[in-house]
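Fold and contact review
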Amino acid sequence: MAGTGSRGRAERRSAGELESEVLAALWATERPLTPAEIQSEIGGGLAYNTVHTILKRLYDKGLVLRDADGRRGAYRPAKNAAELTAEAMHEALDRGPDPIAALQQFVSGLSAEEERALRNLFAGGGA
């Protein structure tokens, strides 16, 4: 949510932060949401036009889909949170010069619970 800066002005959220908030609102429900419903869910004095602009950006990126079952102007996520996170991880590995070194650094920073889950996945036991 937008906070108040040191001079009492409202601080603006970045486009990336707003996109994340919109996606979080969509992931929190099983049904498509309209821009007005998303605006209400996010709160923080966000203008309807801003929500609509963020939804258009997410649609253009292929991250949300417009609902085609009759709810005019309703949106739903194209991927769940885990799929989107995994995709971002793959893209990050593809960008670096040494993906194996990046994986080693990543794994060395895992919590004990995350390490157990990873070991279970490799052992075929699921998460």
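These lines cover the structure that appears in this document, whether it is placed above or below. (Residues numbered from 1 in each chain as written. Predicted model: local features only at pLDDT ≥ 70, side-chain atom pairs only at ≥ 80, totals over all residues. Heavy atoms only, no water.)

1. What about the overall build of the protein chain?
In terms of regular secondary structure, the protein chain is built from six helices and two strands. Reading the protein chain from its N end, one meets helices and strands in the order α-α-α-β-β-α-α-α. Per-residue burial for the protein chain yields a buried fraction of 21% across its 127 residues. Considering only residue pairs separated by 6 or more positions, the protein chain has 43% of its internal contacts joining residues 24 or more positions apart. Accessible surface for the protein chain amounts to roughly 9,000 Å². Of this, 52% is attributable to carbon and sulfur atoms. (Helix = DSSP H or I, 4+ residues; strand = E, 2+ residues; numbered from the N terminus. Buried < 20%, exposed > 50% of the residue type's maximum accessible area, 1.4 Å probe, protein only. Contact = heavy atoms within 4.5 Å. Areas by Shrake-Rupley, 256 points an atom, 1.4 Å probe, with all protein chains shown as cover.)

2. Brief notes about the side chain of Glu19
For Glu19, the position within the fold is in helix α1 (residues 15-27). Using a relative accessible area of 10% as the deciding quantity, one classes Glu19 as buried. Leaving out residues up to four positions away in the same chain, Glu19 has contacts with Ile54, Arg57, Leu58 and Lys61.

3. With respect to the environment of Ala78
By the secondary structure assignment, Ala78 is in the loop between β2 (75-77) and α4 (81-95). In this structure Ala78 comes out as partly exposed when scored by relative accessible area, which is 33%. Linking Ala78 and Leu63, residues 15 residues apart in sequence, is a C-alpha distance of 5.1 Å.

4. Quick word on the nonpolar core
One broad trend across soluble globular proteins is that nonpolar side chains are buried collectively. Among the nonpolar cores identified, the biggest contains 17 residues, and Val22, Leu26, Ile38, Leu55, Leu58 and Val64 are the most heavily contacted of them. Secondary structure elements with two or more residues in this core: α1, α2 (35-42) and α3 (48-60). Counting residues per element, this core draws most heavily on α1, which supplies five residues. With residues near it in sequence (within four places) discarded, Leu26 still touches Leu33, Ile38, Leu55, Val64, Tyr75, Arg76 and Pro77. (Core = buried A, V, L, I, M, F, W, Y, C linked by side-chain atoms within 4.5 Å.)

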